[in-house]
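Residues per chain, in single letters:
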Amino acid sequence: MTDAIRFLMCPPDHYDVDYVINPWMEGNIHKSSYDRAVEQWQKLHHTIKDHAIVDLVQPEKGWPDMVFTANAGLVLDKTVVISRFYHKERQGEEPYFKAWFESQGFTVHELPKDLPFEGAGDALLDREGRYLWAGYGFRSELDSHSLLAEWLNIEVLSLRLMDDRFYHLDTCFCPLTGGYLLYYPPAFDSYSNRLIELRVPPEKRIAIDEPDAVNFACNAVNINQTVIMNKISDNLKSRLSEAGFNVVETPLTEFLKAGGAAKCLTLRVTEPIIEDRHAATQLESRTVCLQGHLLDAGLINRALDLVVEGGGSFQVQNFNLGEQRQSTSSAQIKISAPSHEVMEEIMSQLIDIGAFSLQEDVQDAKLETVHQHGVSPDDFYVTTIYPTEVRIAGEWVRVQNQRMDGAIAVTEGPSGPIARCKLLRDLEVGEKVVVDVMGIRTIRKAESREQRNNQEFGFMSAGVSSERRVELIVEQVAWEMRQIRDRGGKVVVTAGPVVIHTGGSQHLSRLIRQGYVQALLGGNAIAVHDIEQSMMGTSLGVDMKQGVAVKGGHRHHLKVINTIRRCGSIASAVQQGVITSGIMYECVRNDVPFSLAGSIRDDGPLPDTQMDLIQAQQHYNQLLQDTDMILMLSTMLHSIGVGNMTPSGVKMVCVDINPAVVTKLSDRGSVESVGVVTDVGLFLSLLVKQLDRLTSRYDAKTA
Ligand code: ARG
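None of these values were measured; they are calculated from a predicted model.

Considering the side chain of Thr 609
Argument step 1. Checked against the element boundaries, Thr 609 lands in the loop between strand 32 (594-597) and helix 19 (613-624).
Argument step 2. When neighbours within four sequence positions are excluded, Thr 609 is seen to be in contact with Asn 524, Leu 596, Ala 597, Gly 598 and Asp 602.

Details of the packing of aromatic side chains
Argument step 1. Counting across every chain of the model gives 13 aromatic pairs.
Argument step 2. With a centroid separation of 6.4 Å and 75 degrees between ring planes, the pair formed by Phe 173 and Tyr 183 is classed as edge-to-face. Here Tyr 183 lies in strand 10 (residues 180-183) and Phe 173 lies in strand 9 (residues 173-176), a separation of ten residues in the sequence.
Argument step 3. Under the relative-accessibility criterion, Tyr 183 is labelled buried at 3%.
Argument step 4. The structure contains a cluster of three or more aromatic residues connected by ring pairs, namely Tyr 131, Trp 133, Phe 173, Tyr 183 and Phe 188.
Argument step 5. The lysine or arginine in question, Lys 78, covers the ring of Phe 106, its NZ or CZ lying 4.1 Å from the ring centre.
Argument step 6. The side chain of Arg 199 reaches across the aromatic face of Tyr 131, ending 5.1 Å from its centre.

A few points about the layout of surface pockets
Argument step 1. Volume-wise, the largest pocket comes out at about 840 Å³.
Argument step 2. Considering the residues around the largest pocket, the lining is formed by 35 residues, among which Ala 597, Gly 598, Ser 599, Leu 637 and His 638 are closest to the centre.
Argument step 3. Of all elements in the fold, only helix 15 (524-536), helix 19 and helix 20 (636-645) reach the threshold of two or more residues within the lining of the largest pocket.
Argument step 4. For the lining of the largest pocket, the element with the most residues is helix 20, which contributes eight residues.
Argument step 5. Each residue belonging to the lining of the largest pocket can be placed in one class, and the counts come to 16 nonpolar, 14 polar and five charged.

Considerations on the sheet that holds strand 18 (residues 313-320)
Argument step 1. Taken in spatial order, the four strands of this open sheet run 18-19-17-20, and their pairing is antiparallel. Edge positions in the sheet fall to strand 18 and strand 20 (356-357), since each has one partner strand and no second.
Argument step 2. Bridge analysis of strand 18 against strand 19 (residues 329-337) gives seven bridges, and the strand direction is antiparallel. In the strand pairing of strand 19, Asn 320 is matched with Ser 330.
Argument step 3. Contacts between helix 9 (residues 299-309) and the sheet are confined to strand 17 (284-292), strand 18 and strand 19, with strand 18 contributing the most and set at about 160 degrees to the helix.

Overview of empty space enclosed by the protein
Argument step 1. For the structure shown, the criterion picks out four cavities of 30 Å³ or more.
Argument step 2. By volume, the largest cavity is sized at about 270 Å³.
Argument step 3. In this structure, the largest cavity is lined by 21 residues; those nearest its centre are Leu 124, Arg 127, Lys 263, Arg 268 and Glu 271.
Argument step 4. Residue composition of the lining of the largest cavity, by class: 14 nonpolar, two polar and five charged.
Argument step 5. The calculated volume of the second largest cavity comes to roughly 80 Å³.
Argument step 6. The wall of the second largest cavity is formed by 14 residues, among which Asn 22, Phe 68, Arg 90, Tyr 167 and Ala 258 lie closest to the centre.
Argument step 7. In terms of residue class, the lining of the second largest cavity is built from six nonpolar, five polar and three charged.

Let's talk about the pairing of strand 3 (residues 73-76)
Consecutive side chains along a regular strand alternate between the two faces of the sheet.
Argument step 1. Here strand 3 shows two buried faces, one formed by Gly 73 and Val 75 and the other by Leu 74 and Leu 76.
Argument step 2. Direction of pairing for strand 3 relative to strand 4 (residues 79-82): antiparallel, over a ladder of four bridges. Along strand 4, the bridge assignment pairs Leu 74 with Val 81.
Argument step 3. Taken together, strand 3 and the strand that follows it, strand 4, pair antiparallel across an intervening segment of two residues, in which Asp 77 is found at a positive phi of about 55 degrees.

Thoughts on the site of the ligand
Argument step 1. The full set close to the ligand counts 17 residues, and Asn 22, Arg 90, Arg 139, Asp 170 and Cys 264 are the nearest of them.
Argument step 2. One of the side-chain N or O atoms of Asn 22 is found 2.8 Å from an oxygen atom in the ligand.
Argument step 3. Relative to its free-state accessible area of 350 Å², the ligand is covered by the protein chains to the extent of 100%.
Argument step 4. Assessed atom by atom at 2 Å from the grid points, the ligand resides in the second largest cavity.
Argument step 5. Of the residues contributing to the shell around the ligand, the split by class is seven nonpolar, six polar and four charged.

Here's the deal with the packing of helix 19 against helix 20
Argument step 1. Packing of helix 19 against helix 20 leaves a shortest axis separation of 10 Å and a crossing angle of 60 degrees. In terms of orientation, helix 19 lies oblique with respect to helix 20. Handedness of the helix 19/helix 20 crossing: right-handed. Along the contact surface, helix 19 presents Gln 617, Tyr 620, Asn 621 and Leu 624, while helix 20 presents His 638, Val 642 and Met 645.
Argument step 2. When the residues that make up the contact of helix 19 with helix 20 are grouped by side-chain class, the tally is four nonpolar, three polar and no charged.

A word on the sheet that holds strand 33 (residues 629-633)
Argument step 1. Spatially, the six strands line up as an open sheet ordered 32-29-28-33-34-35, and their pairing is parallel. The sheet is open, and its two edges are formed by strand 32 and strand 35 (673-677), each paired on a single side. Taking each pair of neighbouring strands and ignoring which way they run, the sheet shows an average axis angle of 15 degrees.
Argument step 2. In the sheet, strand 29 (residues 519-523) pairs with strand 32 via four bridges, with the strands oriented parallel. Following the sheet pairing, Leu 521 is matched in strand 32 by Ser 595.
Argument step 3. Sheet contacts for helix 20: strand 28 (491-495), strand 29, strand 32, strand 33 and strand 34 (651-656); angle to strand 33, the most-contacted strand, approximately 160 degrees.

What about a nonpolar patch on the surface?
Argument step 1. Together, Leu 295, Val 308, Phe 314, Val 316, Phe 319 and Leu 321 give the surface a local cluster of nonpolar side chains, amounting to about 470 Å² of exposed area.
Argument step 2. It is strand 18 that provides the largest number of residues to the nonpolar patch, a total of three residues.
Argument step 3. With respect to the element layout, Val 308 can be found in helix 9.
Argument step 4. Since its relative accessible area comes to 40%, Val 308 is described here as partly exposed.

Thoughts on the pattern of salt bridges
Argument step 1. Overall, the coordinates contain 34 salt bridges when judged by the stated rule.
Argument step 2. Note that Lys 98 and Glu 110 form a salt bridge whose closest N and O atoms lie 3.2 Å from each other. You can see Lys 98 sitting in helix 3 (residues 94-103) and its partner Glu 110 sitting in strand 5 (residues 107-110), a full twelve residues away along the chain.
Argument step 3. Looking at Lys 98, the relative accessible area reads 24%, which means it is partly exposed.
Argument step 4. Taking the relative accessible area as the measure of exposure, Glu 110 reaches 40% and is therefore partly exposed.
Argument step 5. Of the charged contacts in the structure, one is a salt bridge between Asp 486 and Arg 482, with a shortest N-O distance of 3.6 Å. In this pair, Asp 486 and Arg 482 are both assigned in helix 12 (residues 466-486), four residues apart and thus about one turn of the helix distant.
Argument step 6. Relative accessible area serves as the criterion here: at 14%, Arg 482 is assigned to the buried category.
Argument step 7. If you follow the salt bridges from partner to partner, you end up with Arg 36, Glu 254 and Lys 257 in one network.

About the cut-offs
Residues numbered from 1 in each chain as written. Predicted model: local features only at pLDDT ≥ 70, side-chain atom pairs only at ≥ 80, totals over all residues. Heavy atoms only, no water. Helix = DSSP H or I, 4+ residues; strand = E, 2+ residues; numbered from the N terminus. Contact = heavy atoms within 4.5 Å. Phe/Tyr/Trp six-rings, centres within 6.5 Å; stacked < 30°, edge-to-face > 60°. Buried < 20%, exposed > 50% of the residue type's maximum accessible area, 1.4 Å probe, protein only. Lys NZ or Arg CZ within 6 Å of the ring centre and 35° of its normal. 1 Å grid on protein atoms, 1.4 Å probe; cavity = no way out; pocket = protein on both sides within 12 Å on 5 of 7 lines; lining within 4 Å. Points joined across faces, edges and corners; volume = space filled by probe spheres on them. Nonpolar A, V, L, I, M, F, W, Y, C, P; charged D, E, K, R; others polar. Pairing = 2+ DSSP bridges. Axes fitted to C-alpha atoms, helices over the stretch in contact; angles between N-to-C directions. Near = heavy atom within 4 Å. Polar contact = N/O pair within 3.5 Å; in protein donor to acceptor, adjacent residues only side chain to side chain. Areas by Shrake-Rupley, 256 points an atom, 1.4 Å probe, with all protein chains shown as cover. Sits in = over half its atoms within 2 Å of the grid points. Parallel < 35°, antiparallel > 145°, perpendicular 65-115°, else oblique. Left-handed = near helix turned anticlockwise from the far one by under 90°. Patch = residues over 30% accessible without salt bridge, like charges linked within 9 Å, V, L, I, M, F, W, Y side chains within 5 Å. Salt bridge = Lys/Arg side-chain N within 4 Å of Asp/Glu carboxyl O.

None of this, on its own, says anything about what the molecule does.
Written out as structure tokens, the structure reads:
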């Protein structure tokens, strides 16, 4: 019944590339040929007229993109949702399209002013009329999808566009007769691709490659078994004909310059509908509050970026700007997400940066029971380093043993519920675990701008050389280490063998001797090479005084290991006078506890090395209790492990010659961590010097 099908087109009388609102238009201003555009448009017009009736809307001067009638609105039966253009360059088209639909007797729906939606460019019916695929990310707002569902009484499936070359859904997605789908998967995020794969069986999916995609192959007009489009590859042509389609190519290069092709230039105004359909969408919305130095500490940007990057959308409903330097701001933000799954992902990250629910929306945390030892119910909330509270029976309960990457286990104590961070492996059958993202909040101290400036930006500021930056950090670290020692606090050092290879051993030894270090965490290697240096003067076979490799030196460390194994432990080697200097020696002599965690590559190992990693983690954790500061010296894995066990509020100083390691470790989103890219031996020598300078009046003799 071809003759029942109608399309709307707009002649290109005023078409031109006058401005840039998509990447295709860049460099093409006034570069399209009027004559060629008219000729190409007419060819398309004729081709479509062979298969359907074409109505025309009067072109209007000053609105060059009006030729792209796909963006007039979205039609279903006798109802139309008129577009709300994102860019002001096209907003003037709205009244003309609206007038046309009214003249044709359509029921017209209009979206709120600030809710962009660009019509059939961003919303495509499954060709059986069962549901509507709707795009968002560039031109159309996610929140418009729930109104589409309601007004058109149809199920809406939201797809997120990721590549700005494919800014409208119809540039990369084309449902075809018989349930087929022609599309370009990389234009979508992974959640959307999964949704597509759930709805369209593999034998019906015609995924195309980039060369066809950039020729607008998906921007096709499908009428029954015919698909009309700009040029496509032979390969795609034969795939389409195998699926039973008859491909008609018609050149549309002049319109490609504005970012459109066949489908964009047309709007189907007779869309098939099925009777038993119902409004549905997976869309979810929530309102959250944020408080703190939202602008000057950058919190609001971080929150909004998080929402958008996570695949959601936001509306700032309220923003109270704190006017004084010390005053905080607050904001209320409505978050939308295409599904509960995406919402949970976004919400858990917002909770991590301190967002909380409106008073009236607060619910109790959702708890689920552990059924298998060491295995959590799915969907558990993953903890962070920040102080956290969960709401149980209407009361906020502070989570104990705060650490990263745990689950929150809730048990009934004598005086009410107890919530604790637990590692998955420690979960016990019958315990309850917090799942989903309800009733959870993290307490974030309002980071003042001064704090931020001092910790990071001050040092990073232009004009400070990297040498000077290292000195500045050393000065600050030395100052704090002295304070901590004087008040009986705790500094933990985690160190790798590089400390020895770079000549840092004597300095670290001295820090231990002088009482600046309260625990040492490392692996087999730091101890082996420290003892090798103390017993044989080499580190991994290199003479530490001359800096040259010693003949046969590569065997030294094995001999050392053997000797210590004979002694039974590092401590007894010290007692027997086998080890007389170095880091391990000072630990033993000064009663500084140490923990050596083994690994697959360890030689020996030393009798003290804990090869059971769960035990090693527990020992580390025990030594880390009540720490004030952690010095991480050139050991990535041990430092990451330590970082995961440490709640916020503990100062971490990470030193490594490799900037990537420093970034990885100091990037905890916490102001308490400082990264230093430098040679660790050098860092330690500067640190010792600075501590001497700071303490010389008091205990010059220990130097
Ligand atoms: N220049 C127009 C714009 O950027 C092109 C519109 C193409 N239309 C479409 N349905 N993809 O809005």
